[in-house]
Amino acid sequence: MNVLVCIKQIPDTTNVRIDRKTNNLIREGVPAVINPDDLHALELAAHLKEEMGAKTCVLTMGPPQAINALKDALMFGIDEAYLLSDRTFAGADTLATTYALNLGINKIEEDFGRFDIILTGKQAADGDTGQVGPGIATRRGYSLGAYIEKIEKVTDEYVIAVRRIDRGYEKIRIKLPAVLTITHEFAKPRYGSLPDLIRAIKYEPKVLNAKDIGADPKLCGFFGSPTRVVRTNVPPARKGGDIISKNDEPKKAAERLLLELKKFSAIRLVEIFNTILESDEK
Ligand SMILES: Cc1cc2nc3c(=O)[nH]c(=O)nc-3n(C[C@H](O)[C@H](O)[C@H](O)COP(=O)(O)OP(=O)(O)OC[C@H]3O[C@@H](n4cnc5c(N)ncnc54)[C@H](O)[C@@H]3O)c2cc1C
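Residues numbered from 1 in each chain as written. Predicted model: local features only at pLDDT ≥ 70, side-chain atom pairs only at ≥ 80, totals over all residues. Heavy atoms only, no water.

What's the story with the sheet that holds strand β9 (residues 143–154) in this structure? I'm lost.
Within a sheet, adjacent strands bond to each other through the backbone by hydrogen bonds, running parallel or antiparallel. One open sheet holds the nine strands; their spatial order is β11-β10-β9-β12-β8-β1-β6-β7-β13, and the pairing between them is mixed. Single-partner strands in this sheet number two, and they are β11 (168–175) and β13 (206–208). This sheet shows a mean twist of 35 degrees between the axes of neighbouring strands, independent of strand direction. In this fold helix α2 (residues 67–74) packs onto β6 (55–61), β7 (80–84) and β13, with an angle of close to 165 degrees to the strand it touches most, β7. Packing against the sheet, helix α3 (residues 94–112) makes contact with β1 (2–6), β6, β7, β8 (117–121) and β13, and its axis sits at approximately 145 degrees to β6. (Pairing = 2+ DSSP bridges. Helix = DSSP H or I, 4+ residues; strand = E, 2+ residues; numbered from the N terminus. Axes fitted to C-alpha atoms, helices over the stretch in contact; angles between N-to-C directions. Contact = heavy atoms within 4.5 Å.)

Please clarify how the environment of Gln123 should be interpreted in this entry.
Mapped onto the elements of the fold, Gln123 is located in the loop between β8 and α4 (132–140). Along the sequence, Gln123 and Pro235 sit 112 residues apart, while their C-alpha atoms lie 21 Å from each other. Those residues in contact with Gln123 that lie beyond four places of it in its chain are Asn35, Asp37, Asp128 and Gly130. In this structure the side chain of Gln123 is engaged in a polar contact, spanning 3.2 Å, whose partner is the side chain of Lys122. At a separation of 2.9 Å, a polar atom in the side chain of Gln123 contacts the side chain of Asp128. (Polar contact = N/O pair within 3.5 Å; in protein donor to acceptor, adjacent residues only side chain to side chain.)

Where do I start with the pairing of β9 in this structure?
Strand residues, when the strand is regular, have side chains that alternate between the two faces of the sheet. Sheet analysis places β9 next to strand β12 (residues 178–182), joined by four bridges and oriented parallel. When the bridges of β12 are listed, Gly145 appears paired with Leu180.

Whenever I open this one, the environment of Tyr147 confuses me. Can you help?
Tracing the backbone shows Tyr147 in strand β9. Assessed through its relative accessible area of 43%, Tyr147 is described here as partly exposed. Sequence spacing of Tyr147 and Asp126 is 21 residues, and the spatial spacing of their C-alpha atoms is 18 Å. For Tyr147, the residues in contact, after removing those within four places along its chain, are Lys122, Val162, Arg163, Arg164, Thr181 and Thr183. (Buried < 20%, exposed > 50% of the residue type's maximum accessible area, 1.4 Å probe, protein only.)

So what exactly am I meant to see when it comes to the UniProt feature "domain: Electron transfer flavoprotein alpha/beta-subunit N-terminal" (unreviewed entry) in the chain here?
According to UniProt, the "domain: Electron transfer flavoprotein alpha/beta-subunit N-terminal" (unreviewed entry) feature falls on residues 22–217. Secondary structure content for residues 22–217 is 32% helix and 30% strand, while the C-alpha to C-alpha distance between its ends is 36 Å. (UniProt positions renumbered as here; feature names shortened; annotations may be inferred.)

Looking at this structure, I do not really get α2. What am I missing?
Every α-helical turn comprises 3.6 residues, leaving residues that sit three or four positions apart pointing alike. Here α2 lies mainly inside the structure; six of its eight residues are buried. Taken together, the buried positions of α2 are Ile67, Ala69, Leu70, Lys71, Ala73 and Leu74.

When you look at the site of the ligand in this model, what are you seeing that I'm missing?
Every one of the 27 residues lining the ligand counts as a neighbour, but Cys6, Lys8, Asp38, Ala124 and Thr129 are closest to it. Measuring from an oxygen atom of the ligand, one finds a backbone N or O atom of Ala92 at 2.7 Å. The backbone of Gln131 places a nitrogen or oxygen atom 2.8 Å from an oxygen atom of the ligand. Burial of the ligand by the protein amounts to 80% of the accessible area it has alone, namely 940 Å². (Near = heavy atom within 4 Å. Areas by Shrake-Rupley, 256 points an atom, 1.4 Å probe, with all protein chains shown as cover.)

Before we go on, may I ask you to explain the pattern of salt bridges in this structure?
Any two side chains of opposite charge can pair, on the condition that their charged atoms come close. Tallied over the full model, the rule gives 12 salt bridges. Across the pair Asp126 and Lys8 runs a salt bridge whose closest N-O atoms are separated by 2.9 Å. Placement of the pair is Asp126 in the loop between β8 and α4 and Lys8 in the loop between β1 and β2 (9–11), with a sequence separation of 118 residues. By relative accessible area, which is 34% here, Lys8 ends up partly exposed. For Glu110, the salt bridge goes to Lys107, with nearest N and O atoms at 3.2 Å. One end of the pair is Glu110 and the other is Lys107, both in helix α3 and three residues apart, which spans about a single turn. On the basis of relative accessible area, Glu110 is assigned to the exposed category, the value being 59%. (Salt bridge = Lys/Arg side-chain N within 4 Å of Asp/Glu carboxyl O.)

So what exactly am I meant to see when it comes to unusual backbone geometry here?
Note on backbone geometry: most residues besides glycine have negative phi, and most peptide bonds are trans. Between Leu176 and Pro177 the backbone carries a cis peptide bond, its omega angle lying at 0 degrees. With respect to the element layout, Pro177 can be found in the loop between β11 and β12. Positive phi outside glycine occurs at Asp128, with the angle close to 70 degrees. Of note, Asp128 is situated in the loop between β8 and α4. On the basis of relative accessible area, Asp128 is assigned to the partly exposed category, the value being 44%.

This is the structure we're talking about:
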């Protein structure tokens, strides 16, 4: 079985803050990391390697420094790593991203053999669209298992998985080849072993450019993107709050809180609170 994990290098969003004077994001000094959901996809690939002897590969599209994300990914014991990097890929929306990734996957398959399972994270913490996994599945005509948080069985023909839906969970049988998008509920990512760390340091990921994958520049990056970000704005700072009650008895504090809520026409909420209070008094 051959397994590919697509990962994205993103700015560590837990460190991105807003400069309220300029209303811009402060990106300086913000480290680049593997997108958090992708770590869980890598963990699944490591499981498949251990339990089924799967051959594993990792792919990212990004600038040259995305090599570091690939090296980090190798700590999961992944066998091979590929970087898709070319100026023409820059400024891609999700359609242009999946165009390049799909051609990159075709190219890698020439060396590696056909991928049975392609894993992505559920969504990237920066772009946040969650469209790349479904986009790759569509381009390749593969089954899609999105929002996967548990794998129950894997055979050469299918995967049985549990995915999250709006009001609960759904167990699905997904025919291979398939694209699975993995949520952060999937098993905790491991710490790499020392041999994997040493290998990651020495390993040179293979780099492919637009020509290598036979990409049409008109369909890549900014020019291949049907959507444009015409403006980005930082959300306005939230208004400061007031302390409604400091030293009151709990019941008194709750009453004050209710009065305040009424002012903000949180009517439905107030109704619920009233019902609770009435039933308490009885
Ligand atoms: C309307 C629009 C316009 C945009 N314009 C620009 C722009 O002008 N310039 C710009 O730099 N960006 C732009 N972006 C962002 C860019 O499109 C996204 O970063 C990229 O398409 C991936 O989408 P995402 O971040 O939402 O990933 P998601 O779809 O949320 O990612 C899901 C998963 O797909 C995989 N994945 C995502 N991206 C990659 C990748 N590059 N390599 C390998 N695997 C990947 C990962 O496993 C990830 O967990 C734009 C986005 C939108 C929606």
